[in-house]
Amino acid sequence: MQHEIDRLAREAGRMILNADSSALSGVEVVTKSSRRDLVTSMDLEIQQMLMKELLAIIPQAKFLCEEDVPSMPDAVITDAGELDEGICFIIDPIDGTANFVHGNRHSCTSIAMTVNGETQIGVIYDPYRDELFSARKGHGCALNGQLLPAFDSSMKNEITVFGTAPYNDFVNGPTFELAEKLYEASADVRRTGSAALDCCWTACGRFALYAELSLSAWDFAAGKLIAEETGCVVTTTDGKPISFKEKPSILCGRPTAVSEFLEIDF
Ligand code: IPD
Ligand code: CA
Ligand code: CA
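Reading guide: rules and limits
- Residues numbered from 1 in each chain as written.
- Chains lettered and ligands numbered in written order.
- Predicted model: local features only at pLDDT ≥ 70, side-chain atom pairs only at ≥ 80, totals over all residues.
- Heavy atoms only, no water.
- Helix = DSSP H or I, 4+ residues; strand = E, 2+ residues; numbered from the N terminus.
- Expected span 1.5 Å × (residues − 1).
- Buried < 20%, exposed > 50% of the residue type's maximum accessible area, 1.4 Å probe, protein only.
- Donors = N, O, S within 2.8 Å, 3.2 Å for Na, K, Ca; no water.

Novice: I tried to follow helix 6 (residues 217–228) on my own but got confused; where do I start?
Specialist: Every α-helix carries 3.6 residues per turn, so stepping three or four residues along brings you back to the same face. Along its twelve residues, helix 6 runs 16 Å from first to last C-alpha, staying within 8% of the 16 Å computed at 1.5 Å per residue. The element helix 6 is largely enclosed, with a buried count of eleven among its twelve residues. Regarding helix 6, the residues found buried are Ala217, Trp218, Asp219, Phe220, Ala221, Ala222, Gly223, Lys224, Leu225, Ile226 and Ala227.

Novice: What am I meant to see in the coordination of the calcium ion (ligand 2) here?
Specialist: Coordination angles at a metal have ideal targets, namely 109.5 degrees for four tetrahedral donors and 90 or 180 degrees for six octahedral donors. Summarising the metal site, the calcium ion (ligand 2) is bound by the protein donors Asp92 (OD), Asp95 (OD) and Asp219 (OD), whose distances to it range over 2.1 to 2.3 Å. Of note, the calcium ion (ligand 2) draws all its donor residues from one chain, in the sequence arrangement D-x2-D-x123-D. Separating the calcium ion (ligand 2) from the calcium ion (ligand 3) is a gap of 3.7 Å, which aspartate 92 spans by donating to each of them. Residue aspartate 95 is found in strand 4 (residues 87–95), and its partner aspartate 219 is found in helix 6; the two are separated by 124 residues along the sequence. Residue aspartate 95 is classed as buried on the basis of its relative accessible area, which comes to 5%. The buried category is assigned to aspartate 219, whose relative accessible area is 12%.

Novice: I tried to follow the coordination of the calcium ion (ligand 3) on my own but got confused; where do I start?
Specialist: Bound to the calcium ion (ligand 3) on the protein side are Glu66 (OE), Asp92 (OD) and Ile94 (O), at distances that span 2.1 to 2.3 Å. All donors of the calcium ion (ligand 3) come from a single chain, and their spacing in sequence reads E-x25-D-x1-I. By relative accessible area, aspartate 92 is classed as buried at 0%. Taking the relative accessible area as the measure of exposure, isoleucine 94 reaches 1% and is therefore buried.

Novice: Is there a simple way to explain unusual backbone geometry in this structure?
Specialist: Phi is mostly negative for residues that are not glycine, and the peptide bonds are mostly trans. The backbone of aspartate 130 sits at a positive phi, close to 50°, despite the residue not being glycine. Considering the arrangement of structural elements, one finds aspartate 130 in the loop between strand 6 (118–126) and strand 7 (131–136). Of note, the phi angle at alanine 165 is positive, near 45°, even though the residue is not glycine. Secondary-structure assignment places alanine 165 in the loop between strand 10 (159–162) and helix 4 (172–185). Given the relative accessible area of 1%, alanine 165 is considered buried.

Rendered as structure tokens:
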């Protein structure tokens, strides 16, 4: 199944690049919950393609996805409680939609497969760098077929990254306080615009730690497994286990970096 998901993530990436190379002509952009929350016709097309192809392989599968698509309503679940039984795909067709809309070339497709509520496969594809991160629980994570090593690191001399949780204005103050603390504790900070790639870049050691104060299941489901399979610790920002049933904060990093973060006084 992992190979099938890898293949479909690459197919989604081709759709992102094709849209880009046509300077997004023909791609419609509309806002959802706020002026920051965008959806394009490409998000919907990719999600529909993935659902159709995955249902052809596993007809009984359920889907927890970011976008509302009119077809296939029976397969769609809106309550993460329904993840507890059977096979479910948690999909973000384009993570980093604002980057996609503004031509920032840092977006990806994220697909997780859960079985009875536990993530077994996580695949994230960045078409701009042609980087495929593919993890299976207990079997590690590969980047373009090469197994990533597990290692530990402090954040002191490393780069850290934070997300702004842009659809949740109530966390603006704490988010920038967190960014300042990260800046003080590490070599420097980044804000990239893709939570899924923030997890992947932490998994492969480009960042020592990633933190964001509110995410949806599709933003982190695959990235959490990818990071864990490279020895990272992934919890909420106060060190608790993460659940799909709420919109949790996320703290993802090397074990020592995570311990250092949890000792910071907020
Ligand atoms: C968003 C991105 C962003 C993160 C937000 C997410 P979207 O996802 O991952 O980096 O800060 O919290 O919602 O809307 O581009 O799929
Ligand atoms: Ca997302
Ligand atoms: Ca998205």
